Amino acid sequence: MPLAIDVHDLVKRYGTRTVVDRVSLAIEEGRVCGFLGPNGSGKTTTLRMICGLLTPDGGGGTCLGHDLVRERDAIKRQAGYMTQRFGLYEDLTIRENLEFVGRVYGLDRLKQRVDGSLERLGLATRQKQLAGALSGGWKQRLALAACVLHEPRLLLLDEPTAGVDPKARRAFWDEIHTYAAEGITVLVSTHYMDEAERCHEIAYIAYGALMARGTADEVIKESGLVSFIATGPGADRLAPRLRDAPGVTAAAAFGATLHVSGPERAPLLAAIEPLRADGIEWKEAAPTLEDVFIHLMGQAQDNAPGT
Amino acid sequence: MIGAGFWRRLGAILVKEVQQLRRDRLTFAMMFGVPIMQLLLFGYAIDTDPHHLPAAVISADDTTITRTIVSALTSTGYMDFTHRPASEEEANALLQRGEVQFVVTIPSDFTRRLVRGERAQILIDADATDPMAAANPLASAQPAVEQALRRDLTGPLAGHNPKPGGVEIVLQRRYNPEGKARLNIVPGLLAVILTMTMVMMTALAVTRERERGTMENLLAMPVRPIEVMIGKIVPYIAIGSVQVTVILLVSRVLFDVVTQGSIALLGLGTALFITVNLAIGFTISTVTQNQLQAMQASVFILLPSILLSGFMFPFRGMPVWAQWLGEVLPATHFMRLVRGLMLKGADLADVSGNLLALTAILLVVSALAISRYKMTLD
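Residues numbered from 1 in each chain as written. Chains lettered and ligands numbered in written order. Predicted model: local features only at pLDDT ≥ 70, side-chain atom pairs only at ≥ 80, totals over all residues. Heavy atoms only, no water.

Visitor: An account of the overall build of chain A is needed here, citing residue identities and associated values.
Guide: Broken down by element type, chain A carries eleven helices and 14 strands. Reported as C-alpha extents along the three principal axes, the dimensions of chain A are approximately 70 × 45 × 35 Å. Within the span of chain A, comprising 307 residues, buried residues form 52% of the whole. Long-range pairs, those at least 24 residues apart, make up 69% of the contacts in chain A between residues at least 6 apart in sequence. Total accessible area on chain A is roughly 13,800 Å²; 50% of this is exposed by carbon and sulfur atoms. (Helix = DSSP H or I, 4+ residues; strand = E, 2+ residues; numbered from the N terminus. Buried < 20%, exposed > 50% of the residue type's maximum accessible area, 1.4 Å probe, protein only. Contact = heavy atoms within 4.5 Å. Areas by Shrake-Rupley, 256 points an atom, 1.4 Å probe, with all protein chains shown as cover.)

The structure is reproduced here in structure tokens:
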């Protein structure tokens, strides 16, 4: 499969701060790749470099076969970038926004395309409403519709579902998969684990560096993480006693149960040993993506210079 | 009604406001820097009683007496005789272009008539578009001339000393014979209103995109800076043109200010001036972070356009450095152009200098705007 995104060693600095540190990323065409990482880890900056909004301070590569720096215009014409913050005009109607985007890209059959897009969105009856009057979920779906109006080959979505309710999120992701089925490559940043699991593959970035790459299962397996679940009376209240114990990367209450994970079995078992009492039952379980990410975040922090 | 809670909550808001203000460095700097700069600038620059105004003299009668008269006029401090045109036409052209404020004409039989004890006349043509600039020099002319003649015509010449009223100075207030301030104000207002609205509107239009977060989306699309700039500016050119039409119509109906010169030239000059202002507004928007800063920066352009352009105070009353500053302002050139066209009936040749100046400013500002506007978010 040809690569839609093929960038290597991307670096971006603001003053002395390195926001993105030698990130390499290759994504095959037609794949949905989840881009994960803590806040401020460089996801947005990386996306902006890929779509030509920022000039990398180092590294380079191609996006849809076009050079990242020299062929910005060509990339902009064939990629759709959805900003984290609603980037359309709240004081234009839904229809006017789509028409504006269509005109900027110089699309033919504009009316037809906009009509089609409104139909697909299910906003045909509300097309004369101001975009600012839409709810958060609808705004995001409108922004996505605007992004794909020019039939891009690549979609770069920056936390498109932040603050959106589960039903709207599901609708949004259904649309992402529809586009992927049409052959569009999608790179989408998110904080939601369920969304990460809906991606073909994920890339995890922390403190500017790429930490993990692969399908969700691969990422979990490669982490080598061991997890235990404790059930029983008061199990969920044990978290504070485990959190700082050696060998434990994460201990968190999930309802009445407690999830504990660590990189190695022996130290983890040693840590929970004192808490095997009073009817609390410990069972080994498969680590979740969230466990892995919290673990990776801790690792990255240890490696990050100056922290 | 005011309980302890009131002061606590008030304090909370106060602290928050101060913290926020401190973060917005540019606004903070402008709040203190701009007034001080303006105080110094305008305090030194503005003089409502301008001296050393350029004047031309046509003397067809070169005698001791006429030389005495010219030096008497010079010694009032109001007139500097910078030109000695050979003909009346040449003198008129100087006045029309605004290169001189006064033309003093001494007729060929002046000395003869004076010596014979007849009534001798001197003609002073003044550019009275700005009544303020012309008033004092004209008022001082008659006493200065009489005094000088009394002093100089001594000895054998004493007999020729003119009787009171022997020398008559005929004043002609050109372009604004009644000395009406509004004739001068209306063209100036045109410049000021356009500066105010045009600069501010574009400055805000672009900054708004940044503040609302739509700029990032716009930049991600294949659109070039020049396209954004022209696209943003053109609607305001139309708005500005409507403004001008309304101002001109209203001043015609209510103030009887009738445009003497070519309407087409006025249109051309106005279009150029509007475009310059929009380009300035666009440049401001590339520097400022938010709409508040854009607003303040616009006022920073507006104030000198009112005070240093010759709108409020006579341009020639300012020290040379302030005049140079005024020359850089598009409002100065536009005001001259409009006054020329509306009051003096100027033609293309008379206003071509102003048009050129506006074009030059436009080119410089546009280049600045385009170089500042970034295609990326870097």
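Visitor: Give me the lowdown on the nonpolar core, citing residues and values where you can.
Guide: Of all hydrophobic cores here, the largest spans 157 residues; its most connected members are L187(A) and F293(A). Considering every element that reaches this core, the biggest residue donor is helix α7 (residues 181-212) of chain B, with 13 residues. Once you skip the residues sitting within four places of it in the chain, F293(A) turns out to touch L36(A), M193(A), I202(A), Y204(A) and V219(A). (Core = buried A, V, L, I, M, F, W, Y, C linked by side-chain atoms within 4.5 Å.)

Visitor: Outline empty space enclosed by the protein, supporting the account with residue identities and numerical values.
Guide: All told, the structure shown has two cavities of 30 Å³ or more when counted by the stated rule. In this structure, the largest cavity is lined by 16 residues; those nearest its centre are Y81(A), A143(A), A146(A), C147(A) and N217(B). Looking at the lining of the largest cavity, the elements with two or more residues in it are β6 (79-82) and α5 (136-148) of chain A. The biggest single contributor to the lining of the largest cavity is β6(A), with four residues. Residue composition of the lining of the largest cavity, by class: eleven nonpolar, five polar and no charged. The computed volume of the second largest cavity comes to approximately 50 Å³. In terms of lining residues, the second largest cavity is bounded by A250(A), A251(A), A252(A), F254(A), H259(A), E290(A), D291(A) and I294(A). Listing elements by their share of the lining of the second largest cavity, those giving two or more residues are β12 (250-254) and α11 (289-303) of chain A. (1 Å grid on protein atoms, 1.4 Å probe; cavity = no way out; pocket = protein on both sides within 12 Å on 5 of 7 lines; lining within 4 Å. Points joined across faces, edges and corners; volume = space filled by probe spheres on them. Nonpolar A, V, L, I, M, F, W, Y, C, P; charged D, E, K, R; others polar.)

Visitor: Tell me about the packing of helix α2 (residues 25-45) of chain B against helix α11 (residues 291-307) of chain B, and please be specific about residues and values.
Guide: All names here are of chain B. Interaxial distance between α2 and α11 falls to 10 Å at its minimum, and their mutual angle equals 5°. Classed by the angle they form, the pair α2 and α11 counts as roughly parallel. Residue-level contacts link L26, T27, M30, M31, V34, M37, Q38 and F42 of α2 to L292, Q293, Q296, A297, V299, F300, L303, P304 and L307 of α11. Its residues assigned to classes, the contact of α2 with α11 shows 13 nonpolar, four polar and no charged. (Axes fitted to C-alpha atoms, helices over the stretch in contact; angles between N-to-C directions. Parallel < 35°, antiparallel > 145°, perpendicular 65-115°, else oblique.)

Visitor: Give me the domain arrangement of chain A: which residues, what numbers.
Guide: What the domain assignment lists for chain A is domain 1 (3-217) and domain 2 (226-286). Computed from C-alpha atoms alone, the centre-to-centre distance between domain 1 of chain A and domain 2 of chain A is 38 Å. (Domains from an automatic or database assignment.)

Visitor: Can you lay out the pairing of β6(A) for me, pointing to particular residues and giving the numbers?
Guide: All names here are of chain A. Residues A79 and Y81 of β6 are buried on one face, and the alternating residues G80 and M82, pointing to the opposite face, are buried as well. Relative to strand β7 (residues 154-158), β6 runs parallel, the two being bridged by four bridges. Its bridge partner being in β7, A79 is matched across the sheet by L154. (Pairing = 2+ DSSP bridges.)

Visitor: Please give an account of a negative patch on the surface that cites residues and values.
Guide: Residues and elements named next belong to chain A. Taken together, the side chains of E197, D217, E218 and E222 make up a negatively charged region of the molecular surface. For the negative patch, the element with the highest residue contribution is helix α8 (residues 216-223), accounting for three residues. Of note, D217 is situated in helix α8. (Patch = residues over 30% accessible without salt bridge, like charges linked within 9 Å, V, L, I, M, F, W, Y side chains within 5 Å. Salt bridge = Lys/Arg side-chain N within 4 Å of Asp/Glu carboxyl O. Lys, Arg positive; Asp, Glu negative; His and termini not counted. Charge placed at Lys NZ, Arg CZ, Asp CG, Glu CD.)

Visitor: Describe the layout of surface pockets, and please don't skip the residues or the numbers.
Guide: Residue and element names in this part refer to chain B. By volume, the largest pocket is sized at about 770 Å³. Surrounding the largest pocket, 36 residues form its lining, R97, G98, F315, R316 and R336 being those nearest its centre. Among the secondary structure elements, those contributing two or more residues to the lining of the largest pocket are β1 (53-59), β2 (79-83), α4 (88-97), α12 (320-328), α13 (330-344) and α14 (348-372). When its residues are assigned to classes, the lining of the largest pocket shows ten nonpolar, 15 polar and eleven charged. Taken domain by domain, the lining of the largest pocket gets at least three of its residues from each of domain 1 (53-174) and domain 2 (181-372). In this structure, the second largest pocket is lined by 25 residues; those nearest its centre are I280, A297, F300, I301 and L329. Of all elements in the fold, only α2, α10 (263-287), α11, α12 and α14 reach the threshold of two or more residues within the lining of the second largest pocket. The biggest single contributor to the lining of the second largest pocket is α2, with seven residues. The residue inventory of the lining of the second largest pocket, partitioned by class, reads 22 nonpolar, three polar and no charged.

Visitor: Kindly report on the pairing of strand β4 (residues 58-63) of chain A, identifying the contributing residues and their values.
Guide: Residue and element names in this part refer to chain A. One ladder, built from five bridges, connects strand β1 (residues 3-14) with β4; its direction is antiparallel. For D6, the partnering residue across the bridge sits in β4 and is T62. In terms of strand pairing, β4 meets strand β5 (residues 66-67) through two bridges, oriented antiparallel. Bridging from a neighbouring strand, T62 pairs with D67 of β5. Counting the residues between successive antiparallel strands, the hairpin from β4 to β5 contains two residues, one of them, L64, with a positive phi of roughly 55°.

Visitor: Explain the side chain of T286(B) to me, and be specific about the residues and the numbers.
Guide: All names here are of chain B. Along the polypeptide, T286 turns up in helix α10. When its relative accessible area of 10% is taken as the criterion, T286 is described as buried. For T286, the side chain forms a polar contact with the main-chain oxygen of T283, separated by 2.5 Å. Filtering out sequence-adjacent residues up to four positions away, T286 remains in contact with R210, A369, R372 and Y373. (Polar contact = N/O pair within 3.5 Å; in protein donor to acceptor, adjacent residues only side chain to side chain.)

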